[in-house]
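Below, each chain spelled out in residue letters.
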Amino acid sequence: LFFSTDGPDWADPGNWLSGEDECRWDGVTCDPEKAEGASGVITSVTLREGNNIGGRLPDEIGLLLHLTNFNTANNAVGGTIPKGMFSLHLLDEFFAPGNQLTGTLPWQLFSPDHMPSLARLNLGGNNLSGPLPENIGDSPIHIAALLGNRLNGTIPSSLVNMENIVHLMIGANQLTGTVPSDLWKLNRTIAFFDVDNNNLGGTLPELTSLQHLNCLAIGGNMFSGQLPMLPKCAGRLNIEGSTLSGLVPEEVCSFFDQYKSVGATICGDASSTCPCCQKCKDRGHRAFCRPGTEARLPGCKVGPPKDSKPPRSDSDRDGVGGGGDGMGPPPQDDARGGEGS
């Protein structure tokens, strides 16, 4: 792993290859109860964030059969996802956001035969391309953050069969087609659904049955028709840049008391005022009430903006999905993702 990822060029190699036991290397965790050596077997590897770690992940990673966590966030690792990864049947967390990974998403990542324990997958902000695998619905994954790549094609119909999915983030890609009409099948688990900034269109399906949904990011697409009714728990909403019409449900307004970052919708007229926009301003949510993107709450009609798209910046985004309310890629635990040699 060290040489495959350009270890001699790491900003700080720490004590890797120092002669110490691998279980004492920086970022490596072992389980002594599964001892096959002096200190046990490697169960977790976290390669230090922003450490100029490059090269590629080696196929030999598959030799770490007890690995449960692997994390190489925000480095410069390139190449494709190695086949050896699919031998890690105990892997629970695979975090590699903010790197330079290329190629397609391997179907094996979503196969319960190859990755039966994988619960948290974060590959956001890479250069992955191609379609979402057709077998994505078979996956036991709880959190899937794939935003900010170059994924294309349509959303597979099997996606609604993801029985454990809680956070699904596939925004900022190049997906086309429509959102599956039977999205309601995710009603037992889904809390965060982000498809913003793709090329999706058509009408949106019924969403009220998604009883745990609290974040919905659908802006920056080409959806048309009426904004569907939202479940009462939907407290964060981003439909900026859409051509939807209708009323923002009252339930969204009620969450201003509980959430400090409720997303905005489009004001067709930047100078318009109405009780709901004023309510937003009165409660101090000025970031969501700036000209052109004022928050429209109950009683304010939502309509397409006069211009084709309102100005926006990454640092000033409304709502959710890889942006500024802290609800982009899921936060990384202190759980270390691991490997050693």
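Refer to the structure printed above.
Bear in mind that the values here come from a model prediction, so they are computed numbers and not experimental data.

(A) Layout of the overall build of the protein chain. The helix and strand tally for the protein chain stands at 2 helices and 19 strands. Residues classed as buried in the protein chain amount to 55% of the 341 residues present.

(B) Structural view of the state of the cysteines. Evaluated as defined, the whole model comprises 1 disulfide. Two residues share a disulfide in this structure: Cys23 and Cys30, whose sulfurs sit 2.0 Å from each other. In this structure the cystine formed by Cys23 and Cys30 twists about its S-S bond by roughly -90 degrees; its chirality is therefore left-handed. Both residues of the pair, Cys23 and Cys30, count as buried.

(C) Broad picture of the nonpolar core. With 67 residues, the main nonpolar core has Phe70, Met85, Phe94, Leu109 and Leu123 as its most contacted residues. Secondary structure elements with two or more residues in this core: strand E1 (28-31) and strand E2 (41-46). One finds Ala145, Met169, Phe192 and Cys215 within the second-largest nonpolar core, a separate group that totals 6 residues.

(D) Inspection of the pairing of E1 at higher detail. Burial along E1 is one-sided: Val28 and Cys30 are buried, while Thr29 and Asp31, pointing the other way, are not. Pairing of E1 with E2, which is carried by 4 bridges, proceeds in the antiparallel orientation. By the bridge assignment, Val28 is partnered in E2 with Val45.

(E) Here's a closer look at the sheet that holds strand E10 (residues 150-154). One open sheet holds the 5 strands; their spatial order is E8-E10-E12-E14-E16, and the pairing between them is parallel. Across the chains shown, the open sheet's two edge strands, defined by having one partner strand only, are strand E8 (129-130) and strand E16 (222-223). As paired strands, strand E12 (residues 174-177) and strand E14 (residues 199-202) are joined by 2 bridges and run parallel to one another. Counterpart to Gly177 in the pairing with E14 is Leu200.

(F) Expanded view of the pattern of salt bridges. Going through the model one piece at a time under the given rule, you end up with 5 salt bridges. Asp12 is the partner of Arg48 in a salt bridge, and the nearest nitrogen-oxygen pair spans 2.7 Å. Of the two residues, Arg48 sits in the loop between E2 and strand E3 (69-71) while Asp12 sits in the segment before E1, which places them 36 residues apart along the sequence. When the shortest N-O distance is used, the salt bridge between Lys185 and Asp182 registers 3.4 Å. We classify Lys185 as partly exposed; its relative accessible area is 38%. Here the salt bridges share partners, and the residues they tie into one network are Asp12, Asp26 and Arg48.

Scoring rules and cut-offs
- Residues numbered from 1 in each chain as written.
- Predicted model: local features only at pLDDT ≥ 70, side-chain atom pairs only at ≥ 80, totals over all residues.
- Heavy atoms only, no water.
- Helix = DSSP H or I, 4+ residues; strand = E, 2+ residues; numbered from the N terminus.
- Buried < 20%, exposed > 50% of the residue type's maximum accessible area, 1.4 Å probe, protein only.
- Disulfide = S-S within 2.5 Å.
- Core = buried A, V, L, I, M, F, W, Y, C linked by side-chain atoms within 4.5 Å.
- Pairing = 2+ DSSP bridges.
- Salt bridge = Lys/Arg side-chain N within 4 Å of Asp/Glu carboxyl O.

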